[in-house]
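What follows is the residue order along each chain.
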Amino acid sequence: MTRLRHIEPVFVDTIPAVLESGHLYISKRYRTAVHRCCCGCGLEVVTPLNPAKWRLTEQGAAVSLYPSVGNWSFPCKSHYWIERSHVRWARAMPQWRIDQVRRLDQAAADALATPRPPAKAPVTPIERRPGWWLRLVRWFPGR
């Protein structure tokens, strides 16, 4: 297996049935990027483009994919970044660290999926200083 050092972005409407190694197929319509694993094992890597998963940035003819691609469920367990269409390899991770990253990823996805409570109404100056309000009410009882 030969590790890739460069990956070519290919913008498509739909992901093709046959993927060529060394190409990152990007469908803006379906907000997905797909490629063959950069380690050379040939397995298909799907990266959904959304805030909970991956973000794609374009720099001219080059692209970057953030965060890194960790293929820890693959036999190769490859881990790399795609930055300006270059593949930057990470060191191997122990299983405990892979489990930790997966938990953090899940927590981040859950946080994005959980609806936020409605914003509270702004606090008025009277509510901020109840002591002042109470003194005023004592001066003018019954009003």
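Heads up: the structure comes first, above all this text.
Cut-off values and rules
Residues numbered from 1 in each chain as written. Predicted model: local features only at pLDDT ≥ 70, side-chain atom pairs only at ≥ 80, totals over all residues. Heavy atoms only, no water. Helix = DSSP H or I, 4+ residues; strand = E, 2+ residues; numbered from the N terminus. Contact = heavy atoms within 4.5 Å. Areas by Shrake-Rupley, 256 points an atom, 1.4 Å probe, with all protein chains shown as cover. Buried < 20%, exposed > 50% of the residue type's maximum accessible area, 1.4 Å probe, protein only. Polar contact = N/O pair within 3.5 Å; in protein donor to acceptor, adjacent residues only side chain to side chain. Pairing = 2+ DSSP bridges. Axes fitted to C-alpha atoms, helices over the stretch in contact; angles between N-to-C directions.

(A) Seen up close, the overall build of the protein. Along the backbone of the protein there are three helices and eight strands. Summarising the internal contacts of the protein: among those between residues at least 6 apart in sequence, 32% fall at separations of at least 24. Only carbon and sulfur atoms are counted for the fraction: they give 57% of the accessible area of the protein, which is about 10400 Å².

(B) Focus on the side chain of threonine 47. With respect to the helices, strands and loops of the structure, threonine 47 is situated in strand E4 (residues 44-48). A relative accessible area of 0% means that threonine 47 is categorised as buried. Within polar-contact distance, the side chain of threonine 47 engages the backbone oxygen of alanine 33 at 2.7 Å. Dropping the residues within four chain positions of it, threonine 47 is found in contact with Thr32, Ala33, Trp54, Leu65 and Val69.

(C) Expanded view of the sheet that holds strand E5 (residues 55-59). Here four strands make up an open sheet; going across it, the order is E5-E6-E7-E8 and the pairing antiparallel. Edge positions in the sheet fall to E5 and strand E8 (86-89), since each has one partner strand and no second. Along the sheet, successive strands turn relative to each other by an average axial angle of 25°, direction set aside. Judged from the three bridges that link them, strand E6 (residues 62-70) and strand E7 (residues 79-83) form a sheet pairing that is antiparallel. For valine 69, the partnering residue across the bridge sits in E7 and is tyrosine 80.

(D) Molecular detail of the pairing of E7. Examined bridge by bridge, E7 and E8 share four bridges and lie antiparallel to one another. Bridge pairing in E8 places tyrosine 80 opposite tryptophan 89. Hairpin connection from E7 to E8: two residues lie between these consecutive antiparallel strands, with arginine 84 at a positive phi of about 50°.

(E) Region of interest: unusual backbone geometry. The step from tyrosine 66 to proline 67 runs through a cis peptide bond, and the omega angle for that step is 0°. Mapped onto the fold, proline 67 is located in strand E6. Backbone geometry at arginine 31 places phi at a positive 45°, although glycine is not the residue there. Looking at the secondary structure, you find arginine 31 in the loop between strand E2 (23-27) and strand E3 (32-36). You can call arginine 31 exposed: its relative accessible area is 52%. With phi around 65°, serine 85 is a residue other than glycine that occupies positive phi space. Mapped onto the elements, serine 85 comes out in the loop between E7 and E8. Its relative accessible area of 3% is what places serine 85 among the buried residues.

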